[in-house]
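# A look at the structure
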Amino acid sequence: MTDTVIPILVEGLRKRYGEINALDGLSLRVEHGEIVGLIGPDGAGKTTAMGTVCGLVRPDDGFARVMGLDCREEGQRVKEHIGYMPQRFSLYSDLTVAENLRFFADLFEVSSSERRERQERLMAFSGLAPFLGRRAGALSGGMKQKLALCCTLIHTPDVLILDEPTTGVDVVSRSEFWTILRDLAGEGMALLVSTPYMEEAALFDRLILMHRGRAVASGTPGEVRSRFGQRLLEVTGPGIAKARERIVGLRWPGVDVHRFGDRLHVVHDLEEEDAGIREALARVDVRVGPVEPTIEDTFISLVTHSPEAAG
Amino acid sequence: MKGRGAGMEGVPTASMSAGDVAPGKYAVLVQGLTRRFGDFTAVDGISFSVERGEIFGFLGANGAGKTTAIRMLCGLLAPTEGEAWVDGFPVVAAPEKIKRRIGYMSQRFGLYDDLTIQENVSFTGGIYGLSRREVTERGDLLLERLGLKDYRRRLTSSLPLGFKQRLALGCAVLHSPSVLFLDEPTGGVDPLARRQFWDLIYELADGGTTIFVTTHYMDEAEYCRRVSIMVDGRVVALDSPARLKQQTGAGTMQDVFLQVVGR
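These figures come from a predicted structure and were not determined experimentally.

## Considerations on the sheet that holds strand β3 (residues 35-39) of chain A
Residue and element names in this part refer to chain A. Strand order in this open sheet of 6 strands is β6-β7-β8-β3-β9-β10, and the pairing throughout is mixed. The sheet terminates laterally at β6 (82-85) and β10 (214-219), the two strands that pair on one side only. Averaged over all pairs of adjacent strands, the angle between strand axes in this sheet comes to 15°, irrespective of strand direction. With 5 bridges joining them, strand β9 (residues 206-211) and β10 adopt antiparallel strand pairing. When the sheet's bridge partners are listed, Leu-209 is paired in β10 with Ala-217. Of the strands in this sheet, β3, β6, β7 (159-163) and β8 (190-194) are in contact with helix α6 (residues 171-186), which crosses β3 at around 130°. Across the face of the sheet, helix α11 (residues 295-305) comes into contact with β3, β9 and β10 while running at roughly 30° to β9.

## Looking at the pattern of salt bridges
Should the charged atoms of two oppositely charged side chains come close, the side chains can pair. Residues and elements named next belong to chain A. Following the criterion strictly, the structure yields 38 salt bridges over all chains and no others. With a closest N to O distance of 2.7 Å, Arg-14 and Asp-24 form a salt bridge. A residue pair is termed long-range when its members are at least 10 positions apart, and Arg-14 in strand β1 (residues 8-17) and Asp-24 in strand β2 (residues 20-30) qualify at 10 residues. The exposure class assigned to Asp-24 is partly exposed, which follows from its relative accessible area of 21%. Note that Asp-24 is salt-bridged to Arg-214, the shortest N-O span being 3.8 Å. Here Asp-24, found in strand β2, pairs with Arg-214, found in strand β10; they are 190 residues apart in sequence, far enough to count as distant.

## A closer look at the interface of chain B and chain A
Counting from both sides, the interface comprises 29 residues of chain B and, opposite them, 31 residues of chain A. Summed over both sides, the interface of chain B with chain A buries roughly 2600 Å², with 54% coming from carbon and sulfur. Here chain B is connected to chain A by 8 residue pairs in polar contact (both at pLDDT 80 or more). Elements represented by at least two residues in the side of chain B that touches chain A include exactly α6 (161-173), α7 (191-206), α8 (218-221) and α10 (253-261) of chain B. If you tally residues by element for the side of chain B that touches chain A, the top one is α7(B), at 7 residues.

## Section: the environment of Val92(B)
Residue and element names in this part refer to chain B. Turning to its location among the elements, Val-92 is positioned in the loop between β5 (89-90) and α3 (95-101). The spatial distance from the C-alpha of Val-92 to the C-alpha of Arg-194 is 34 Å, given a sequence separation of 102 residues. Contacts of Val-92, omitting those with residues within four sequence positions, involve Pro-79 and Glu-83.

## Notes on the nonpolar core
Within soluble globular proteins, side chains that are nonpolar generally end up buried alongside one another. Membership of the largest hydrophobic core comes to 50 residues, with the highest contact counts inside it found for Leu169(B), Leu182(B), Trp198(B), Ile201(B) and Ile211(B). Not counting residues up to four positions away in its chain, the partners in contact with Leu169(B) are Met105(B), Leu146(B), Leu180(B), Leu182(B), Phe197(B), Leu200(B), Ile201(B) and Leu204(B). Counting 47 residues, the second-largest nonpolar core is a separate cluster that includes Met85(A), Phe104(A), Leu181(A) and Phe204(A).

## Quick word on the packing of aromatic side chains
Residues and elements named next belong to chain B. Under the defined criterion, the tally for this structure stands at 15 aromatic pairs over all chains. When the centroid spacing of 5.0 Å and the interplanar angle of 55° are considered together, the rings of Phe-181 and Phe-212 count as tilted. Taken as a pair, Phe-181 in strand β7 (residues 179-183) and Phe-212 in strand β8 (residues 210-214) lie far apart in primary sequence, 31 residues in all. The pair formed by Phe-181 and Phe-212 is uniform in burial state, with each residue classed as buried. By way of ring pairs, the aromatic residues Phe-48, Phe-56, Phe-58, Phe-181 and Phe-212 are connected into one cluster.

## Quick word on the pairing of β7(B)
Residue and element names in this part refer to chain B. With 5 of 5 residues buried, β7 is to be regarded as a mostly interior element. Two strands pair when backbone bridges link them, and strand β6 (residues 102-106) and β7 are joined in this way by 5 bridges, in the parallel orientation. Directly across from Tyr-104, in β7, lies its bridge partner Phe-181. Bridge count for β7 against β8 is 5 bridges, and the pairing is parallel.

## Description of the pairing of strand β12 (residues 256-260) of chain A
Extensive coverage of β12(A) is indicated by the burial of 4 of its 5 residues. As consecutive antiparallel partners, β12(A) and strand β13 (residues 263-268) of chain A are separated by 2 residues, and within that stretch Gly261(A) has a phi angle of approximately 60°, a positive value.

Parameters at a glance
- Residues numbered from 1 in each chain as written.
- Chains lettered and ligands numbered in written order.
- Predicted model: local features only at pLDDT ≥ 70, side-chain atom pairs only at ≥ 80, totals over all residues.
- Heavy atoms only, no water.
- Pairing = 2+ DSSP bridges.
- Helix = DSSP H or I, 4+ residues; strand = E, 2+ residues; numbered from the N terminus.
- Axes fitted to C-alpha atoms, helices over the stretch in contact; angles between N-to-C directions.
- Contact = heavy atoms within 4.5 Å.
- Salt bridge = Lys/Arg side-chain N within 4 Å of Asp/Glu carboxyl O.
- Buried < 20%, exposed > 50% of the residue type's maximum accessible area, 1.4 Å probe, protein only.
- Buried area = accessible area lost by both parts, 1.4 Å probe.
- Polar contact = N/O pair within 3.5 Å; in protein donor to acceptor, adjacent residues only side chain to side chain.
- Core = buried A, V, L, I, M, F, W, Y, C linked by side-chain atoms within 4.5 Å.
- Phe/Tyr/Trp six-rings, centres within 6.5 Å; stacked < 30°, edge-to-face > 60°.

What follows is the structure, encoded as structure tokens:
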């Protein structure tokens with residue numbers, strides 16, 4: 001593994017399925033030791049992008065390279081460098097944890113001495129060691145995801161691609177899973193990971209917000225938040241139900257109100273609207289003040305207000 | 001207090017044994033509810049109440065007993081011990097009455113993939129014994145509000161996940177239930193669809209429907225008026241998100257959860 005090679009490099013990827021542009025000029029890169037997040041709605045192209053990097057999808061245009069190898073032309077060699085965990089990773093539920101690991105080691109032609117050494121390490125850091133003899137089908141959801149991850153790591157890949165690995169997994173297991181991902185990045189691995197959990201977004205080194213086959217924003221979580229092109233007011237206090245009625249009653253086209261438990265978030269475009277909103281709420285028992293947008297706010301603002309989104 | 005409960009709509013007077021509380025006052029009232037499977041105690045004597053019109057978050061780690069508890073509250077599984085009332089009716093004595101008063105939607109949605117949107121709605125209406133007119137009136141209203149009206153002839157299998165989710169919600173509330181159980185309703189759904197979904201949930205709650213929701217999204221936990229957290233079959237925390245954060249000194253519900261559940 002040389003440090004000069006970019007582990008994952010994607011340039012101008014395009015892929016069309018009939019009428020649908022699954023990928024529409026996507027570019028991205030992931031460096032050694034980096035965890036990059038792909039975030040976007042269903043159908044944004046996340047899974048197609050990952051499939052292209054894994055050499056499973058042939059792009060119409062552009063290229064994807066893994067460790068300097070072209071994913072289309074040198075697919076077989078690329079696979080040796082990649083660990084890929086699809087959304088529905090198939091473990092053999094009738095086989096034990098140890099048998100699953102052996103199966104994937106055989107699949108990737110890992111020698112038995114190498115496998116033993118690797119297995120020991122994987123079991124130690126995933127916390128699965130006490131469960132080697134348990135059937136995969138009898139593991140909890142979080143443990144299954146960890147076993148799936150271990151199976152994708154058995155051949156010591158340079159690049160790890162995980163498609164929504166934490167969906168349906170509880171907070172505690174998710175937090176443990178992230179500790180493992182951080183350890184892997186610390187060893188120099190390059191990770192490309194998709195997630196629907198916005199609270200995980202802040203954990204990535206860099207984020208790519210995808211919409212309609214392209215990146216609508218990318219950068220560190222802070223940089224992505226700075227792309228929020230609108231204004232955001234937070235309304236709190238006992239009168240939020242009344243406040244909501246008042247704001248909706250203004251019928252201003254660019255103004256959106258969302259409720260989050262005991263608060264309202266009012267998204268709007270223009271500075272002038274700010275005074276109007278405050279005035280409408282003057283006699284309601286609430287506090288009004290600007291707040292920093294979250295990544296979710298930014299994402300929703302970009303996909304609902306970008307010119308491409310209108311079409 | 002029994003006398004007060006007796007006057008409440010739908011509360012059977014004879015079977016009440018909730019001590020000082022009138023079950024009819026609450027959307028959900030749970031007292032010492034327990035379920036054992038052989039040696040394993042899945043739900044271990046939980047007690048709490050949910051007020052009418054409240055959005056109540058029912059949280060816990062995978063395997064903490066949430067789904068078992070919900071199945072008992074929906075009248076699908078008999079408790080080993082304890083009692084619960086939903087919309088004033090006891091789950092043990094009147095499970096069939098409860099099924100008509102609740103709506104249920106899970107992450108698996110329970111839709112018929114080879115039926116159209118309209119057919120799914122009509123079919124659901126039939127199951128709940130609604131008249132054709134009721135199905136048409138309420139169904140049209142719901143499909144309009146859910147943004148599905150223009151797609152009613154589309155086959156369900158061809159819909160994006162966010163659409164299926166909204167359709168599942170529509171089917172779950174077609175019979176105007178007083179309590180809506182949502183078991184991880186937004187799993188795998190993207191942020192935009194999730195936000196739209198919650199806008200609908202607030203609308204339902206404003207209309208008086210009680211929402212009982214489980215989720216692994218801790219930002220959604222913040223959307224609830226109160227949340228409970230289950231660990232190993234027991235409710236170990238229950239309060240508003242703001243107060244739980246205060247009590248634990250945590251900044252987010254994620255941190256609250258990790259502290260409370262952390263192994």
